[in-house]
2 protein chains.
Amino acid sequence: MKYNINIVSHNKKVLADKGSILSDIITRAGINLSRFCNKKGLCGKCFVEILKKDIPPLKKNEEDLLKQRGLNSNYTPARRLSCQYRVTEDLKISIPDESILQEAEVLTTGVDQRVLIDPPVKKYYFRLPEPEIKKPFSFSGLLKEFFKNDNLKIDLSLLKKLPGFLKKNKYNISLAILNNSEILDIEPGNTLNKNYGLAIDIGTSTVIVELMDINSGKSLDIEYKANLQIKYGLDLISRISFAIRDSGNLELLQKTILDQLNKMIKAILKRKKISKQYVYEAVIAGNTTMNHLFLNVPVKSLALAPYNAVFTKIPELGASKAGLNINQNGNIYIAPNIKSFVGGDISAGLIASGMAERKGNYLFIDLGTNGEIVLKKGRKFIAAATAAGPAFEGMNISCGMMAVPGALYKAEYKKRLITYTIKNKKPAGICGTGLIDLVSIFLFRGDITEKGMITNNKKKIRITENIFITQNDIREVQKAVAAVKAGIRFLLDKYNISISKLDGILIGGAFGNYLNVKNTQKIGLLPPVDPDKVIFLGNTALAGAKALLISGCLRKEVEELIDNISYCSLGMEPSFQEYFIEALDFKK
Amino acid sequence: MKYNINIVSHNKKVLADKGSILSDIITRAGINLSRFCNKKGLCGKCFVEILKKDIPPLKKNEEDLLKQRGLNSNYTPARRLSCQYRVTEDLKISIPDESILQEAEVLTTGVDQRVLIDPPVKKYYFRLPEPEIKKPFSFSGLLKEFFKNDNLKIDLSLLKKLPGFLKKNKYNISLAILNNSEILDIEPGNTLNKNYGLAIDIGTSTVIVELMDINSGKSLDIEYKANLQIKYGLDLISRISFAIRDSGNLELLQKTILDQLNKMIKAILKRKKISKQYVYEAVIAGNTTMNHLFLNVPVKSLALAPYNAVFTKIPELGASKAGLNINQNGNIYIAPNIKSFVGGDISAGLIASGMAERKGNYLFIDLGTNGEIVLKKGRKFIAAATAAGPAFEGMNISCGMMAVPGALYKAEYKKRLITYTIKNKKPAGICGTGLIDLVSIFLFRGDITEKGMITNNKKKIRITENIFITQNDIREVQKAVAAVKAGIRFLLDKYNISISKLDGILIGGAFGNYLNVKNTQKIGLLPPVDPDKVIFLGNTALAGAKALLISGCLRKEVEELIDNISYCSLGMEPSFQEYFIEALDFKK
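Keep in mind the model is a prediction, meaning the values are calculated, not measured.

### So, the interface of chain B and chain A
In step 1: The partner chain A presents 48 residues to the 48 residues of chain B that form the contact.
In step 2: Contact between chain B and chain A buries roughly 3,900 Å² in total, counting both sides, with carbon and sulfur atoms accounting for 59%.
In step 3: Linking chain B with chain A are four salt bridges.
In step 4: The partner of Asp150(A) in a salt bridge is Lys313(B), with the nearest N and O atoms 2.7 Å apart.
In step 5: Linking chain B with chain A are 11 residue pairs in polar contact (both at pLDDT 80 or more), by the criterion used here.
In step 6: Of all the elements in the fold, those that place two or more residues in the side of chain B that touches chain A are α3 (139-146), α4 (156-168), α15 (552-563) and β27 (565-567) of chain B.
In step 7: In terms of residue count, α4(B) provides more of the side of chain B that touches chain A than any other element does, five residues in total.
In step 8: Of the residues belonging to the side of chain B that touches chain A, the class tally is 25 nonpolar, eight polar and 15 charged.

### Focus: the relation of the copies chain B and chain A
In step 1: Note on the identical chains: chain B maps onto chain A by a rotation of 180 degrees and an axial translation of 0.0 Å, with an RMSD of 0.1 Å. Viewed as a symmetry operation, the transformation between the two copies matches a two-fold axis. No C-alpha of chain B approaches the rotation axis more nearly than that of Lys321(B), which lies at 6.1 Å.
In step 2: With an isologous cut-off of 70% or more, the 100% of interface residues of chain B that recur at the interface of chain A puts this contact in the isologous class.

### Quick word on the sheet that holds strand β8 (residues 121-127) of chain A
Sheet strands associate in pairs through backbone hydrogen bonding, adopting either a parallel or an antiparallel arrangement.
Residue and element names in this part refer to chain A.
In step 1: Taken together, the four strands give an open sheet; going across it, the order is β8-β10-β11-β9, and neighbouring strands pair in mixed fashion. Both edges of this open sheet fall to β8 and β9 (153-154), since each of them pairs with a single strand only.
In step 2: Here two bridges tie β9 to strand β11 (residues 182-188), and the two strands are oriented parallel to one another. Counterpart to Ile154 in the pairing with β11 is Ile183.
In step 3: In this fold helix α4 (residues 156-168) packs onto β9, β10 (172-178) and β11, with an angle of close to 30 degrees to the strand it touches most, β11.

### Regarding unusual backbone geometry
Residue and element names in this part refer to chain A.
In step 1: Cis geometry marks the peptide bond from Ala305 to Pro306, where omega comes out at 5 degrees.
In step 2: Along the chain, Pro306 turns up in the loop between α8 (300-303) and α9 (319-322).
In step 3: For Asn496, which is not glycine, the phi torsion reads 60 degrees and is therefore positive.
In step 4: Taking the relative accessible area as the measure of exposure, Asn496 reaches 67% and is therefore exposed.

### Regarding the pairing of strand β26 (residues 534-538) of chain A
Residue and element names in this part refer to chain A.
In step 1: Buried residues dominate β26, accounting for five of its five residues.
In step 2: Of the strand pairs in this sheet, strand β25 (residues 504-508) and β26 are connected by four bridges, and their pairing is parallel. Across the sheet, the residue bridging to Leu506 is Ile535, located in β26.

Rules used throughout
- Residues numbered from 1 in each chain as written.
- Chains lettered and ligands numbered in written order.
- Predicted model: local features only at pLDDT ≥ 70, side-chain atom pairs only at ≥ 80, totals over all residues.
- Heavy atoms only, no water.
- Contact = heavy atoms within 4.5 Å.
- Buried area = accessible area lost by both parts, 1.4 Å probe.
- Salt bridge = Lys/Arg side-chain N within 4 Å of Asp/Glu carboxyl O.
- Polar contact = N/O pair within 3.5 Å; in protein donor to acceptor, adjacent residues only side chain to side chain.
- Helix = DSSP H or I, 4+ residues; strand = E, 2+ residues; numbered from the N terminus.
- Nonpolar A, V, L, I, M, F, W, Y, C, P; charged D, E, K, R; others polar.
- Least-squares fit on C-alpha atoms with pLDDT ≥ 70 in both.
- Pairing = 2+ DSSP bridges.
- Axes fitted to C-alpha atoms, helices over the stretch in contact; angles between N-to-C directions.
- Buried < 20%, exposed > 50% of the residue type's maximum accessible area, 1.4 Å probe, protein only.

Function cannot be read off these values alone, since they describe shape.
Structural data, given as structure tokens:
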């Protein structure tokens, strides 16, 4: 027997079997109904309006949940929990906005990439029935029974406080629960609106902590700092060398980043007047080395063939164990590493880019020192690190600098050279995007040849009074460009995709919106696709951390994704070497 | 297409579908084939002899596993791993003894109650392939891949030592794995034969630690001590009172039992020259109060209505966290509590008794202070604590004493009174079994009436020069007997079972074999069933701990069992009060 379900709010009509659960019908109709408590009737987030008289009376839990929302039981149109409602007749229903899963924007560049808010850490507010002699037999059993999960985990520390706490608060409590399976904290009264998390981007150079409201998926505040590990080594390799030089150094590196993170967390929470008790999770997106150093895990194998990480995924890690100062039973999720030089920053970035969901062939490129490239062909993924070197980060360049105020970040040639600096400060040097623009203009003007030789026997090309580019700087750019270019060519070859068959190139990393696509193509860094196909995503590592903080589904997705990514070690491939040498010429 | 499989070693012939796995066929034929590694082809414990020529060649892992057993690949009859062998033709096979699951005897009273050895902690010996650049991406991934479990958990402490350790030992390692899902330790070379565990009975009066060889299920050594918590309270209620009197007392009680256990563990391991590193698990069977005190969990609610425990099941508990000095990543399993006065000692006891598997109606009785009774009718269980009091443990009796050397434990009347003491020592007092014999004889001789009055206006009945029984002692025995008798009657009534419909009475606890069934029936303690139906099981708590140590299935069973046990609070039942008063008379 089939019934007609008319979802008037969404203008959809569907058929339902007799006895089927209304929330299942709605979900199957393609509507993002909230399934917060997994159909247990506990959260009250899937109420629908039943536009009909003579429906089954409200259940006790429905009445309680309506009351929490300030609605009484006579409210019309009648509301019922769709996860508890069985279809026995034709129905006309309307789904209020608050029963639809909200979405959040995690990328800040305006690219439309939305994430459904369905966080691993959820809060529940209960008024528990007081225990009786017959049942349940224990206080923890009371929680398990009410939460309808006999395997609900409770830490010993919470267990110890449980009996006194329940009594004191008259069984009126809120729970923070991880993955619907583990109690992270128990709080007095209704604290549903206090659920915070941290998205943390541990970059080799920069550390970012972003405080998020988990309920709304909104960013509340953000804190940037230079990674203080820099004093032990500017780049990854020097930091790894430092770590393996002396037995205490690894721990020192860990302590440095932990202290720094804890200070940043303290500062941000103080500014927003939020207690760390309500911060139940931190998601970390770092490259493989940063992730290892954060956990004090040896890094020697990262730098020596066969370049193994010690871990890719870390299944469960308490914040206390990791040393992070949030809720003491809080959880740490580390975006999984792919390989030694393709880390959690990239896996998080892939998630933020939505690449897996895009149909067609895509390149994801992070234009940092490692120059990570991931190519997707249909459902197949391959990753490689190109070891582009630090030229694009302004290092090893005479007048190079990072993209901070005063950096020449953009140049145009309109009969004369026009340069722009960040925040319009007096020019102090050249950052990566400025370098690309300048080299492109030099090529156009004939200041350099396709082989990268400065013409007219000059030693350097002067930009401003203090800023110039030397022959050696050009060589550095050639090497960086060639690495990425050869890497892209190698992967495209490997998957047998011609450039014209690329549906898009997604650019992550710090470069962001400053990059001039046409100039990158002129110097050969990016392949000659339609510039509209090149999409800048900004800081994809941080965006990915935010996405993984507010979506449990995306955690599963990223873990499956990295299992399905092949890895290609370019340094071991003879044809990559050939491509690299060919790519040293500045040609499209 | 069906094939004939002739299992000549077991004289069984079965049919098998084409392509089915041989180990599945053997299991389905009712043969307890070892399925140690869950059909992963890793343990080599399900080799069978294929009595046929022209079978598929040995696989690499089969060859390695045969080599470990000192067999070469040409060995005849040909051996193949049955979990890796697909049936494609009629077969004649023979299953060697070493591929059959062994059984262990956990009860020491000679009752035939065997447990299949299939322990939660298993050891594996691997020679791992060295990692390559392409795959896997990490050392932990290497373990996961080889172990064919992507969710294999590895503690951070093990992760840190992993890369150096693997290299140093040339990828030649043994793993101790819990529930096929969590690595407890990683050891150099082949340590398969070192897998030990502890069965721990924390009784209110006595603490027992038994060291077991997990591979063979055999007991290696045992250590008994009086529970040192006794100095803070002789019985449960006084210990609970002590715990709630002052804030530090709970911790003091925990520290006392932990220190004592750790000393006992140290002593027993020293005697057997076994390193604690190889002790991966301890199973604890204690009453609810002892379990709470062991974990420093508040006990106040145990003694006040509605008498809730704080926990029944504890899902996972690291030995380090619990403070037990075994392998630092070792695991603690606590036999689940049922209710405040029916604890893990009883749930373990039920498992040891095999009551759930017995067909029919059974009573399980633990004749201690709480006098726990569990009645099984078909598949239904009901439990109650009768608060028998400590008379049967020799307390509150003028000349009472525990069942230690010198205790009058047995008495007979053959024209004159004949008494026996434990170890034939000079009589120092009377223990529980002796008390039951004496009261029964007094009744027979007319020294006391059915109402328990001493006849002939005597104040006391003298047994030996120094040992006697007073009117008050008789009253104590009456109360203890009445509690148990009324409890049994109440539960039988509740489930509507007449005494004649009882298939057996299982007696657990310290009483053991000393109890004279006919005398217990004469004084009314046990119902008048055929004495052959009364089965003494000895220390069922300890036996249950041993069973739970060597069988993962039994852990599932006990957890399901306690979920299905009803609880009856006798003190709240008016008819129990009536039965109790009636039962104060010594009548069958």
